[in-house]
Amino acid sequence: MRPVLEHAAKGEVRIGDLIETLSEELGLTDEEREEMLPSGRQSVFSNRVHWAKTYLKQAGLVRPTRRAHFVITQRGQAALADPSATIDNAYMKQFEEFRAFQNRSSDHYTQTETNDGSGEITPDEALRAAHRKINESLAADLLDRVRDASPAFFESVIVSLLVSMGYGGSSEEAGRSLGRSGDDGVDGVIDQDPLGVDQIYLQAKRYAEGNSVGAGAIRDFFGALSLKRATKGIFVTTSTFSPSATDTARDLSSR
């Protein structure tokens, strides 16, 4: 992880170029470079570099800039400034973001005992755990990209997602974002029927991690729905909802 971080400290890095550079610096043989994972789709070394970048990003030591590119953060600079620091998973557990990332992965998987009671996992369970961890990493990467995109892009993504999930039936014109025009506090709308009589209104908040949606935003959205005499609304965020926001949504929905 330190070599990846050191190169990120020199400026924006492209992951593909970095894999080749590190192969040269570490003096890997052709055989070592060509060693493939059991899937046969990626080399072992490339896989290690990609995971190193992923873990560094989850710990806040690097941040993505554009597709397949990243740079070091101030936290990463501080880590490099400590020559005694061994930058590994144990080191990164001091950061709340990395612990949260690990918890998201482990929450979906509980170690089970084998028939002999040893507590070791079976090969099948190990594969499933690995698959979940990869999905968690992909989800985190997608979330970062959405947060870095424009608000208009986020709104259109949410509309497209809900239409794909079946809201609005099969009509391709069932959903639309309202963009900068805003619409009395509403970011998008989905027609549940061809005539647009039954509609679902959307509110989309592109918040950074740790910036939770509060009760005030829920009340504002509820007020916007009331102005439209709407009975259905969906509030989506890239962050989380505070307990007061959840309670407010539940209380207002029961009225």
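Since this is a predicted model, take the numbers as computed values, not measurements.

Here the focus is the overall build of the protein. Counting secondary structure elements, the protein contains 11 helices and seven strands. When each of the 255 residues of the protein is scored for burial, the buried share is 36%. Counting only contacts in the protein whose residues sit at least 6 apart along the sequence, the fraction spanning at least 24 positions is 57%.

Turning our eyes to something else, we now look at the sheet that holds strand β2 (residues 62-66). Read across the open sheet, the three strands follow the order β1-β3-β2; overall the sheet is antiparallel. Each of the sheet's edge strands pairs with one partner strand only, and the pair in question is β1 (13-14) and β2. Two elements, β1 and strand β3 (residues 69-72), share two bridges in a ladder whose sense is antiparallel. Directly across from R14, in β3, lies its bridge partner H69.

Once that is clear, we can look at the pattern of salt bridges. Between side chains of opposite charge, pairing is possible as soon as their charged atoms come close. One pass over the structure, following the stated rule, counts eight salt bridges. Among the ionic pairs, K57 bridges to D144, the shortest N-O distance being 2.8 Å. With K57 in helix α4 (residues 44-58) and D144 in helix α8 (residues 123-148), this pair connects stretches of sequence that are 87 residues apart. Across the pair R75 and E97 runs a salt bridge, and its minimum N-O distance is 3.1 Å. Here R75, found in helix α5 (residues 74-81), pairs with E97, found in helix α7 (residues 96-107); they are 22 residues apart in sequence, far enough to count as distant. Using a relative accessible area of 30% as the deciding quantity, one classes E97 as partly exposed. Look at the salt bridges and you will find they share partners, linking E20, E24 and R33 into a network.

We now examine the pairing of strand β6 (residues 199-205). One face of the sheet, then the other: side chains in a regular strand alternate in exactly this way. Burial within β6 is extensive, with six of its seven residues counted as buried. Where strand β5 (residues 188-191) lies against β6, four bridges are found, and the strand directions are antiparallel. Across the sheet, residue I190 finds its bridge partner in β6, namely I200. Inspection of the sheet shows β6 paired to strand β7 (residues 233-237) by five bridges, in the parallel sense. Each bridged residue has a counterpart across the sheet, and for A204 the counterpart in β7 is V236. Considered for its hand, the β-α-β crossover made up of β6, helix α10 (residues 215-227) and β7 is right-handed.

Residues L5 and L61 are the most contacted members of the largest nonpolar core, which totals 28 residues. When residues of this core are traced back to their parent elements, those giving at least two are α1 (2-8), α2 (15-25), α4, β3, α5, α6 (89-92) and α7. When residues of this core are assigned to their parent elements, the largest contribution, five residues, is made by α4. Those residues in contact with L61 that sit more than four places away from it in its chain are L5, L56, I72, T73, R75, G76, A79, I87, Y91 and F95. Listed in part, the 12 residues of the second largest apolar core include V186, V213, F221 and F235.

This paragraph deals with the environment of Y91. Topologically, Y91 is positioned in helix α6. C-alpha separation for the pair Y91 and A79, spaced 12 residues apart in sequence, amounts to 9.4 Å. Excluding residues within four positions of it along the chain, Y91 makes contact with L61, A79, A85 and T86.

Although it is not a glycine, A68 sits at a positive phi angle of roughly 70°. Its place among the elements puts A68 in the loop between β2 and β3. Given a relative accessible area of 35%, A68 falls into the partly exposed group. Look at R229: it is not a glycine, yet its phi comes out positive at around 55°. Within the element layout of this structure, R229 appears in the loop between α10 and β7.

Reading guide: rules and limits
- Residues numbered from 1 in each chain as written.
- Predicted model: local features only at pLDDT ≥ 70, side-chain atom pairs only at ≥ 80, totals over all residues.
- Heavy atoms only, no water.
- Helix = DSSP H or I, 4+ residues; strand = E, 2+ residues; numbered from the N terminus.
- Buried < 20%, exposed > 50% of the residue type's maximum accessible area, 1.4 Å probe, protein only.
- Contact = heavy atoms within 4.5 Å.
- Pairing = 2+ DSSP bridges.
- Salt bridge = Lys/Arg side-chain N within 4 Å of Asp/Glu carboxyl O.
- Right-handed = clockwise from strand over helix to strand, strands pointing away.
- Core = buried A, V, L, I, M, F, W, Y, C linked by side-chain atoms within 4.5 Å.

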